[in-house]
Amino acid sequence: MSDMDINIVMPTDEEITEAKGLLAFIAESPTAFHAAASVCKRLDSVGFTYLPEGDAWAMTPGGSYYTRRNNSSVIAWRIAENAFASSSEFHFQIAAAHSDSPTFRLKSSAVAEGAGGALCLDVEPYGGMIDYTWFDRPLYIAGRLLVRSGSRVESKLVETEGPVALIPSLAVHLNRGVNDGFAPDRARDLRPVITAGALGADGLLDALAASAGVSAQDIVASDLYLVNAEAHRIWGAGQEFVSAPRLDDLMCAHAALEGFLGASAPSSINVYALFDNEEVGSNTKQGAMSTLLKDTLRRITTALGGDDEAYRRALSRSMLVSCDNAHAVHPNRPDKYDELNRCRVNGGIVIKEAANQHYCTDAFGRAIFTEVCERAEVSYQTFANRSDMAGGSTLGNLSNIQASMHGVDVGCAQWAMHSAYETAGVRDVALARRALEAFYAFDVRVDGADGFEVV
């Protein structure tokens, strides 16, 4: 479809309201730990039962459950009443997104002396961010603390009350060539300032302890990250755009969650997965390449009376929708995109493909998802990188290493991916949710790789 063929539609009041819901979710989710907590809170509010990994699991058809790992990854599932009525039809329908975003992580010993009596933070990159977008923005700090509580050490979420840091640019007068090209030294130029001298070296720790309601001397360890404090907003003369930090991938995490909760499983087991550590390769105990999904699906099968044979047969009939945002065509640099396979903001959910299999989409997975969208009358688009550009990767093909099934990679179109402040389309919030809700609402019956039905 050419740009001239696209119908321009203004967002409705309902779509704007739904986009505001996304922004509220992002505001609650400054780190992967907070995002997982937000998802769990939402699941609790609609009656899901939490099953800790360390407990024995019991469940029944018609039930709704969730588990989590490292407090940064969550898997939730709903079991249809007749899901295990026939071992020849038992299967999973899964949508997966990720909870983490590129940022800077504080080192364990983080407070360093700067010139002029200032104190700075020693940080290291987490993921592949656009470094220059982090300069001259108010930053706060969030993550988790491990805190002594009697004879135990417990995990507590923390975020500072407002901005406490900023990475100042060097003035153009002192760097005349800055607009000819700027490659900041991460060990020197990207150290946030936390005080010009008013606070001592323990000031940050005291602020974090106060935010968590604990004593500073009881903090044993921490996982702390920089967070862009800039306001999340809907903007534009036509209210077309939504801008915020961490749209990649909280936009998909939110759309998949709302789609999952909005649909009833017809005869399948619907699964929502939120994985941590996608931005650093997923090969962690709580990443998409871990055993988390496999362990969960096997335990569900066992709890419903199935055995290893039933589990393996179920995987052959199951479908994964990997949800991670896509690159919308840039208005000023269309030369960076494939002319025939590019997408735009507010054009609907994007199906992503790559010959190198960094996206898990193939003809079978694409056919299932397009059939779902067309049956539900929901807009969708396609994306492929230019053939001379490698592009990125995501979690679909990685999760398939542990639990192999048919899959497709999709996402919401956005600009400035991995910037400290990203932009997407207001309408795409609702369009993505509708597409994923349709995937969960239909019964996708897969017959190996020979064919499928969408019922």
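Note that the coordinates shown come from a computational prediction; the quantities given were computed from them, not determined experimentally.

1. Quick look at the overall build of the protein chain
Point 1. Each helix and strand counted, the protein chain has 9 helices and 22 strands in total.
Point 2. At 23 Å, the protein chain has a C-alpha radius of gyration in line with the 23 Å of a compact globule built from 455 residues.
Point 3. For the protein chain, the spread of C-alpha atoms along the three principal axes comes to 70 × 65 × 40 Å.
Point 4. Within the protein chain, the fraction of its 455 residues that count as buried is 54%.
Point 5. Of the contacts made within the protein chain by residues no fewer than 6 positions apart, 76% connect residues no fewer than 24 positions apart.
Point 6. With the model as given, the accessible surface of the protein chain reaches about 19300 Å², and the carbon-plus-sulfur share is 48%.

2. Some thoughts on the pairing of strand β2 (residues 64–69)
Point 1. With respect to burial, β2 is a largely interior element, 5 of its 6 residues being buried.
Point 2. Sheet analysis places strand β1 (residues 49–50) next to β2, joined by 2 bridges and oriented parallel. Paired with Y50 across the strands is Y66, a residue of β2.
Point 3. Relative to strand β3 (residues 73–79), β2 runs antiparallel, the two sharing 6 bridges. Bridging from a neighbouring strand, Y65 pairs with W77 of β3.
Point 4. Joining the antiparallel neighbours β2 and β3 is a turn of 3 residues, in which N70 adopts a positive phi near 60 degrees.

3. A closer look at the sheet that holds strand β11 (residues 233–235)
Within a sheet, adjacent strands bond to each other through the backbone by hydrogen bonds, running parallel or antiparallel.
Point 1. Ordered by their spatial adjacency, 5 strands build an open sheet running β11-β12-β20-β19-β15, and the pairing between neighbours is mixed. Edge positions in the sheet fall to β11 and β15 (326–327), since each of these pairs with one other strand and no more.
Point 2. Against the sheet, helix α1 (residues 13–27) touches β11 and β12 (241–244), its axis set at about 145 degrees to β11.
Point 3. Lying on the sheet, helix α9 (residues 426–441) is in contact with β11, β12, β19 (413–415) and β20 (422–425); it crosses β20 at an angle near 65 degrees.

4. Let's talk about the sheet that holds strand β13 (residues 269–275)
Point 1. The strand order across the open sheet formed by 9 strands is β1-β2-β3-β13-β4-β14-β18-β16-β17, and the pairing between neighbours is mixed. Because the sheet does not close on itself, it has two edges, and the strands there are β1 and β17 (380–383).
Point 2. Where β3 meets β13, 6 bridges bridge the pair, whose relative direction is antiparallel. Bridge pairing in β13 links V74 to L274.
Point 3. Where helix α2 (residues 32–45) meets the sheet, it contacts β2, β3 and β13, and its direction lies at approximately 25 degrees from that of β3.
Point 4. On top of the sheet, helix α4 (residues 247–262) reaches β3, β4 (92–98), β13, β14 (319–323) and β18 (406–411); it is set at about 150 degrees to β4, its chief contact.

5. As for helix α5 (residues 292–303)
Point 1. With 12 residues, α5 extends 16 Å from end C-alpha to end C-alpha; this agrees with the ideal 16 Å at 1.5 Å per step.
Point 2. Along α5, the residues that are buried comprise L292, L293, T296, L297, I300 and T301. All buried residues of α5 lie within an arc of 160 degrees about the axis, which places them on one face of the element.
Point 3. Buried residues along α5 sit against β2, β3, β4, β13 and α6 (308–316).
Point 4. Immediately downstream of α5, the backbone of G305 shows phi near 95 degrees, a positive value.

6. Brief notes about the packing of aromatic side chains
Point 1. Under the counting rule described, the total for this entry stands at 14 aromatic pairs.
Point 2. Judged by centre distance (5.6 Å) and plane angle (85 degrees), the ring pair of F104 and W134 falls under edge-to-face. Pair noted here: F104 is in strand β5 (residues 103–113) and W134 is in the loop between β6 (119–126) and β7 (139–149), with a separation of 30 residues, a long-range link.
Point 3. Its relative accessible area of 1% is what places F104 among the buried residues.
Point 4. Judged by its relative accessible area of 3%, W134 is buried.
Point 5. The structure contains a cluster of three or more aromatic residues connected by ring pairs, namely F48, F260, Y272, F439 and Y440.
Point 6. The ring of Y50 is capped by R68, whose NZ or CZ atom sits 4.5 Å from the centre of that ring.
Point 7. Cation over ring: R299 sits above W57, and NZ or CZ is 3.9 Å from the ring centre.

7. With respect to the nonpolar core
One recurring pattern in soluble globular proteins: nonpolar side chains tend to sit buried together.
Point 1. Within the largest apolar cluster, 60 residues are counted, with the highest numbers of intra-cluster contacts made by L43, F260, Y272, V321 and F369.
Point 2. No other element matches the 10 residues that α4 contributes to this core.
Point 3. The contacts of Y272, once residues within four sequence positions are left out, are V39, V74, I75, A76, A95, A253, A256, L257, F260 and Y440.

8. With respect to the packing of helix α7 (residues 363–376) against α9
Point 1. At their nearest, the axes of α7 and α9 sit 9 Å apart, and the two run at 105 degrees to each other. Relative to α9, α7 is oriented roughly perpendicular. Contacts between α7 and α9 involve F369, V372, C373 and A376 on the former and, on the latter, R434, A435, L436, A438 and F439.
Point 2. Residue composition of the contact of α7 with α9, grouped by class: 8 nonpolar, no polar and 1 charged.

9. Regarding the confidence of the model for the protein chain
The predicted coordinates should not be examined in detail at positions where pLDDT is low.
Point 1. Across the protein chain, the average pLDDT comes to 93, with 98% of residues at 70 or higher.
Point 2. Low pLDDT (under 50) marks residues 1–5, which in the prediction has 2 contacts with non-local residues, meaning those over four places away or in another chain.

10. As for the pairing of strand β16 (residues 349–352)
Point 1. Side chains of β16 alternate between two faces, with I349 and I351 and V350 and K352 buried alike.
Point 2. Bridging between β16 and β17 involves 4 bridges; their strand directions are parallel. Bridge pairing in β17 links I351 to T382.
Point 3. Read from β16 through α7 to β17, the crossover connection turns out right-handed.

11. Points about the pattern of salt bridges
Side chains that carry opposite charge are capable of pairing whenever their charged atoms lie near each other.
Point 1. Inspection of the entire model under this criterion finds 19 salt bridges.
Point 2. Residues D295 and R69 are paired through a salt bridge, measuring 3.1 Å at the closest nitrogen-oxygen approach. Of the two residues, D295 sits in helix α5 while R69 sits in strand β2, which places them 226 residues apart along the sequence.
Point 3. D295 gets classed as partly exposed once you look at its relative accessible area, which sits at 25%.
Point 4. Given the relative accessible area of 13%, R69 is considered buried.
Point 5. Between D189 and R188 there is a salt bridge, and its shortest N-O distance comes to 3.4 Å.
Point 6. A relative accessible area of 60% means that R188 is categorised as exposed.
Point 7. Taken together, the salt bridges that share partners define one network made up of E18, R433 and E437.

Basis of the calculations
- For every chain, the first residue of the written sequence is number 1, and numbering continues from 1 onward in sequence order.
- Totals for whole chains, interfaces and linings use every residue, but because this is a predicted model, local features are given only for residues with pLDDT of at least 70 and side-chain atom pairs only at 80 or more, for both listing and counting.
- Excluding hydrogens and water, the side-chain figures rest on all heavy atoms present in the structure.
- Helix and strand definitions here come from DSSP, where helices need a minimum of 4 consecutive H or I residues and strands a minimum of 2 consecutive E residues; each element is numbered from the N-terminal end.
- The globule rule is 2.2 Å times the number of residues to the power 0.38, and the radius of gyration it is compared with is taken over C-alpha atoms.
- Relative accessible area decides the class of each residue, using a 1.4 Å probe on protein chains only: under 20% of the type maximum gives buried, over 50% gives exposed, and in between gives partly exposed.
- Only heavy atoms enter the contact rule, under which two residues are in contact if any of them lie within 4.5 Å.
- Calculation of accessible area relied on Shrake-Rupley with a 1.4 Å probe; when residues are assessed, cover is drawn exclusively from the protein chains displayed.
- Strand pairing requires that DSSP identify at least two bridges connecting the strands.
- Angular values range over 0 to 180 degrees, each being the angle between N-to-C directions of two axes fitted as lines to C-alpha atoms, with helices fitted over their stretch in contact.
- Multiply 1.5 Å by the residue count of a helix minus one, and that product is the helix's expected span.
- Summarising the geometry, the arc corresponds to the directions from the helix axis toward the C-beta atoms.
- Here a Phe, Tyr or Trp ring, Trp counted by its six-membered ring, pairs with any other such ring whose centre lies within 6.5 Å, and the pair is stacked when the planes are under 30 degrees apart, edge-to-face when over 60, and tilted otherwise.
- Definition used: whenever NZ (Lys) or CZ (Arg) falls within 6 Å of the ring centre and also within 35 degrees of the ring normal, the charge is taken to sit over that ring.
- Residues enter a nonpolar core if they are buried and are Ala, Val, Leu, Ile, Met, Phe, Trp, Tyr or Cys, with the set joined through side-chain atoms within 4.5 Å.
- The cut-offs work like this: below 35 degrees is roughly parallel, past 145 is roughly antiparallel, 65 to 115 is roughly perpendicular, and the gaps in between are oblique.
- Amino acids outside the nonpolar list (Ala, Val, Leu, Ile, Met, Phe, Trp, Tyr, Cys, Pro) and the charged list (Asp, Glu, Lys, Arg) are all regarded as polar, and Gly is one of them.
- pLDDT is a residue-level measure of predictor confidence that goes from 0 to 100.
- Throughout, right-handed denotes a crossover for which the path from the first strand over the helix to the second runs clockwise when the strands point away from the viewer.
- A pairing counts as a salt bridge when a side-chain nitrogen of Lys or Arg comes within 4 Å of a carboxyl oxygen of Asp or Glu.

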